[in-house]
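# Summary of structural features
Here's the letter readout for the chains.
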Amino acid sequence: MNTAVKTLVIDGRDVSAAPDQTILEVAREHSIYIPSLCHLQGLHAIGACRMCVVEVKGAKKLVPACTTAIDEGMEVTTDSERLQTYRRTILELLFSERNHICSVCVSNGNCELQSLAQKLDMTHVHFPYLYPTLTVDASHERFVIDHNRCILCSRCVRVCDEIEGAHTWDTMGRGINCRVITDLNQPWGSSDTCTACGKCVHVCPTGALSEKGKSVAEMSKRRQFLPYLTMMRGRER
Amino acid sequence: MGIPLREIIYEIGGGIPDGRGFKAVQTGGPSGGCIPAGHLDLPVDYESLVKVGSIMGSGGMIVTDESSCMVDVAKFFIEFCMSESCGKCVPCRVGTTHMYHLLERICAGEAEERDLATLEELCDVVRNTSLCGLGQAAPNPILSTLHYFQDEYHAHVVEKRCPAGVCHMADQEVKA
């Protein structure tokens, strides 16, 4: 194991970190806030939502904090007017993409997309809403997927594959037609691989995945299992 | 490498058929920029192409003459980028879709001036925050045409007229 320590500067603060850590991990350890949506500690980082983009001195492009490894002498800026504008615009793009009507959503008040919009002062969406026609799959006996609320963060895909080991979830289609599917795009209820563990439901940041029987604002997610499971897995190895 | 655009287009390529005038050359594939006549003496190399807002890319060139509408050309290329987007990252997946819809509105004579500002803003976000090269380069055809052929965009948006006569304007139909 490499025990060397690297030092870097985040928002003007000198910090030290293990060489295999990412910018996001180090920032969070030092209570420096970087917004994120697709990232969830315990799952493989994929850098898809682009909410965590940060400025690194000397780098030509913005980099995602969740997938960028730290380096000796790195100077990171996590908050600037430019970054705030980009992050807000990306949020607006997400809100315009599908049907995010908070007032009738099971996750109203317990939604990461909603709370991020509030936190980043997103007051309105200045892109036309795309409102695609998407279905709701309620064929599973305990859970429901509403594609209208899905932001394609792929947390469900990753937790099912990496933690549960079932790989029931995956994505199909490309670009704006991309969506998450169960098995080979079969109804969730008919899936032979799904163990009905519910991990996907509880890592979902929005109301896309919910338990049956929950009404508006009643669905809150429980994620305590994830750090515990990843810690126990780490010990096994 | 280093040969001027003019030599490639007029000597090696044999020029434009039927005596029509040159309008723009798009280099580097669908996500390259459109270079206007003023830069025809530009040597074809990586640095020079980037300086005028395009890329070397695949090395391919598409020459358009006066009969082409540059807004329509930009729409054509962004449609390609939109359908090639994999859908993993948000700015490319949703941004290119909005860019295409905006260009559709402009071509149909339904756009307002503020749509041009939205288009530019989208280009900036998609270029700077996309995950891979496809999204980062996708705004090039729009940004370069907005820069070099601003008058054509203006004609579509303000005068509801397509100078090249390519775009079918909804308004004109009503008036006729």
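Sequence positions are assigned chain by chain, starting from 1 and proceeding in written order. Here chains are named by letter from A upward and ligands by number from 1 upward, in the order in which they appear as written. Where totals are concerned, whole chains, interfaces and linings use all residues; where local detail is concerned, this predicted model gives features only for residues with pLDDT of at least 70, and gives and counts side-chain atom pairs only at 80 or more. Side-chain figures throughout are based on the complete set of non-hydrogen atoms in the structure, without hydrogens or water.

## With respect to the sheet that holds strand E3 (residues 61–65) of chain B
All names here are of chain B. The strand order across the open sheet formed by three strands is E2-E1-E3, and the pairing between neighbours is antiparallel. Every other strand in the sheet has two partners, leaving strand E2 (34–36) and E3 as the edge strands with one partner each. Geometrically, the sheet is characterised by an average inter-axis angle of 25° between neighbouring strands, direction not taken into account. Strand direction decides the pairing type here: strand E1 (residues 22–27) and E3, joined by five bridges, are antiparallel. Note on pairing: two strands pair once DSSP finds at least 2 bridges between them. Comment: elements are numbered from the N terminus, with helices defined as DSSP H or I runs of at least four residues and strands as E runs of at least two. Under this scheme, a helix contributes an axis fitted over its contacting stretch, all axes are lines through C-alpha atoms, and angles between N-to-C directions fall in the 0 to 180 degree range.

## A closer look at the domain arrangement of chain B
All names here are of chain B. The start and end points of each domain follow an automatic or database-based domain assignment. Along its sequence, chain B is carved into domain 1 (5–65) and domain 2 (70–157). When each unit is reduced to the centre of its C-alpha atoms, the spacing between domain 1 and domain 2 is 20 Å. Whether two residues are in contact is decided by their heavy atoms, any of which lying within 4.5 Å being enough. On the domain 2 side, the residues contacting the 15 residues of domain 1 number 14 residues. Take the accessible area each of two parts loses on contact, using a 1.4 Å probe, and add the two losses: that sum is the buried area. Buried area between domain 1 and domain 2, summed over both chains or domains, comes out near 1,100 Å², and the portion from carbon and sulfur atoms is 70%. For salt bridges, the criterion is a side-chain nitrogen of Lys or Arg within 4 Å of an Asp or Glu carboxyl oxygen. Put simply, domain 1 and domain 2 have one salt bridge between them. Between Glu 152 and Lys 23 there is a salt bridge; the shortest N-O distance is 2.8 Å. Between N or O atoms, a polar contact is any pair within 3.5 Å; within protein, one atom must be a potential hydrogen donor and the other a potential acceptor, and residues adjacent in sequence are included only when both atoms are from side chains. Taken together, the connections running from domain 1 to domain 2 amount to five residue pairs in polar contact (both at pLDDT 80 or more). Of all the secondary structure elements, the ones that give two or more residues to the side of domain 1 that touches domain 2 are E1, E2 and E3. Considering every element that reaches the side of domain 1 that touches domain 2, the biggest residue donor is E1, with three residues.

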